[in-house]
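# Structural description and commentary
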Amino acid sequence: AQSVTQLDSHVSVSEGTPVLLRCNYSSSYSPSLFWYVQHPNKGLQLLLKYTSAATLVKGINGFEAEFKKSETSFHLTKPSAHMSDAAEYFCVVSEWGGSQGNLIFGKGTKLSVKP
Amino acid sequence: GAGVSQSPSNKVTEKGKDVELRCDPISGHTALYWYRQRLGQGLEFLIYFQGNSAPDKSGLPSDRFSAERTGGSVSTLTIQRTQQEDSAVYLCASSLPPLAGYNEQFFGPGTRLTVL
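Starting afresh in each chain, residues are numbered from 1 along the sequence in its written order. Think of it this way: whatever chain is written first is A, whatever ligand is written first is 1, and the rest follow in order. Per-residue local features are limited, in this predicted model, to residues with pLDDT of at least 70; the limit for side-chain atom pairs, both in listing and counting, is 80 or more; totals at the level of whole chains, interfaces and linings are taken over all residues. With hydrogens and water set aside, each side-chain value is computed from the structure's full complement of heavy atoms.

### Some points on the pairing of strand β5 (residues 43-50) of chain B
All names here are of chain B. Residue exposure (1.4 Å probe, protein chains only): buried if accessible area is under 20% of the type maximum, exposed if over 50%, otherwise partly exposed. Secondary structure counts use DSSP, requiring at least four H or I residues in a row for a helix and at least two E residues in a row for a strand, with both numbered from the N terminus. Within β5, 6 of the 8 residues are buried, leaving the element largely enclosed by the surrounding structure. What makes two strands pair is DSSP finding at least two bridges between them. Two elements, strand β4 (residues 31-37) and β5, share 7 bridges in a ladder whose sense is antiparallel. Across the sheet, the residue bridging to Arg-36 is Glu-44, located in β5. In this structure, the hairpin formed by β4 and β5 is closed by a connection of 5 residues, where Gly-40 is found at a positive phi of approximately 75°.

### Some points on the environment of Pro-8 of chain B
Residues and elements named next belong to chain B. Structurally, Pro-8 is set in the loop between β1 (5-7) and β2 (10-13). Residue class for Pro-8 comes out partly exposed when judged on its relative accessible area of 29%. Sequence spacing of Pro-8 and Cys-23 is 15 residues, and the spatial spacing of their C-alpha atoms is 9.3 Å. Whether two residues touch is decided by their heavy atoms; if any such pair falls within 4.5 Å, the residues are in contact. Once you skip the residues sitting within four places of it in the chain, Pro-8 turns out to touch Glu-20, Leu-21, Gly-110 and Thr-111.

### Some thoughts on unusual backbone geometry
A cis amide bond links Ser-7 of chain B with the next residue in sequence, Pro-8 of chain B, at an omega value of -10°. Its identity is not glycine, yet Asn-61 of chain A carries a phi of approximately 60°, on the positive side. With respect to the helices and strands, Asn-61 of chain A occurs in the loop between β7 (56-58) and β8 (64-68). For Arg-81 of chain B, which is not glycine, the phi dihedral falls at a positive 45°. Along the chain, Arg-81 of chain B falls in the loop between β7 (75-79) and β8 (88-95). A relative accessible area of 42% means that Arg-81 of chain B is categorised as partly exposed.

### Some remarks on the packing of aromatic side chains
Pairing of aromatic rings covers Phe, Tyr and Trp, the last counted by its six-membered ring, and requires centre-to-centre distances within 6.5 Å; plane angles under 30 degrees mean stacked, over 60 mean edge-to-face, and any other angle means tilted. On inspection of all chains with the given rule, the structure shows 14 aromatic pairs over all chains. Plain terms: the ring middles of Phe-63 of chain A and Tyr-89 of chain A are 5.5 Å apart, the flat faces sit at 45° to each other, and that makes the pair tilted. Taken as a pair, Phe-63 of chain A in the loop between β7 and β8 and Tyr-89 of chain A in strand β10 (residues 87-95) lie far apart in primary sequence, 26 residues in all. Comparing Phe-63 of chain A with Tyr-89 of chain A shows no difference in burial state: the two are buried. Each ring, one from Phe-105 of chain A and one from Phe-107 of chain B, has its centre 6.0 Å from the other, and the planes form 90°; the classification is edge-to-face. Separated into two different chains, Phe-105 of chain A in strand β11 (residues 104-105) and Phe-107 of chain B in strand β9 (residues 106-107) make up a pair that spans both. For Phe-105 of chain A, a relative accessible area of 9% gives the class buried. Pairwise contacts between aromatic rings join Phe-34, Tyr-36, Phe-90 and Phe-105 of chain A together with Tyr-33, Tyr-35, Phe-45, Tyr-48 and Phe-107 of chain B into one cluster.

### Notes on the pattern of salt bridges
Once their charged atoms are close, side chains differing in charge can pair, the charge on each being opposite to the other. Any carboxyl oxygen of Asp or Glu that lies within 4 Å of a side-chain nitrogen of Lys or Arg is treated as forming a salt bridge with it. Here the structure, examined in full by the defined rule, presents 8 salt bridges over all chains. In this structure, Lys-78 of chain A engages Asp-85 of chain A in a salt bridge whose closest nitrogen and oxygen atoms are separated by 2.8 Å. Considered together, Lys-78 of chain A and Asp-85 of chain A belong to a single accessibility category, that of buried residues. A salt bridge links Lys-17 of chain B to Glu-14 of chain B; its shortest N-O distance comes to 3.6 Å. Taken together, the shared-partner salt bridges connect Arg-36, Arg-38 and Glu-44 of chain B into one network.

Shown next as structure tokens:
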């Protein structure tokens, strides 16, 4: 069965400094991996997705993530944090071969950005 | 057109009452999902509909929970005899038919359910 572990429940950075949100996954098959962002009182928004193409994936708002099969990781990064990046981020896996396509969410990482 | 819509946006009910939550998916999306998000937690999968196939109910936490999808479009999630632990945000998502391991889901704004 697939699962997702987000290693930090809360990350705090200063504006202009790099962001690293860590995610490890467990999957029996070839996974599709996603990062979603949830701003306060707003719906979930897809940041980026990995679907077995290029291992370095670029998303919206300057975020990117690298799929590393040997490390079973899919960490989310951004070179320079902006105040508007403060939100909750979810690493998500979707697996084929048995699943009907539902997404498995990590518990989330809350990102705080200090001025 | 419009994204996924859900109603009501907020629902406060008393323990033991039944509630119905509604989801209108994006037009043309044949797949529809319900998730629950408890305070400070990630999303828990509840149920999945794909076209006319039998739904995947594997995530429903108890027999008090049920969902229907009429005409392959609008879906209603019903919680009978609500309990305080049912308090959560209930999210609906829709997608095109999941193919080749990729199924980008578009989420609605959610219904915040509070059981007193």
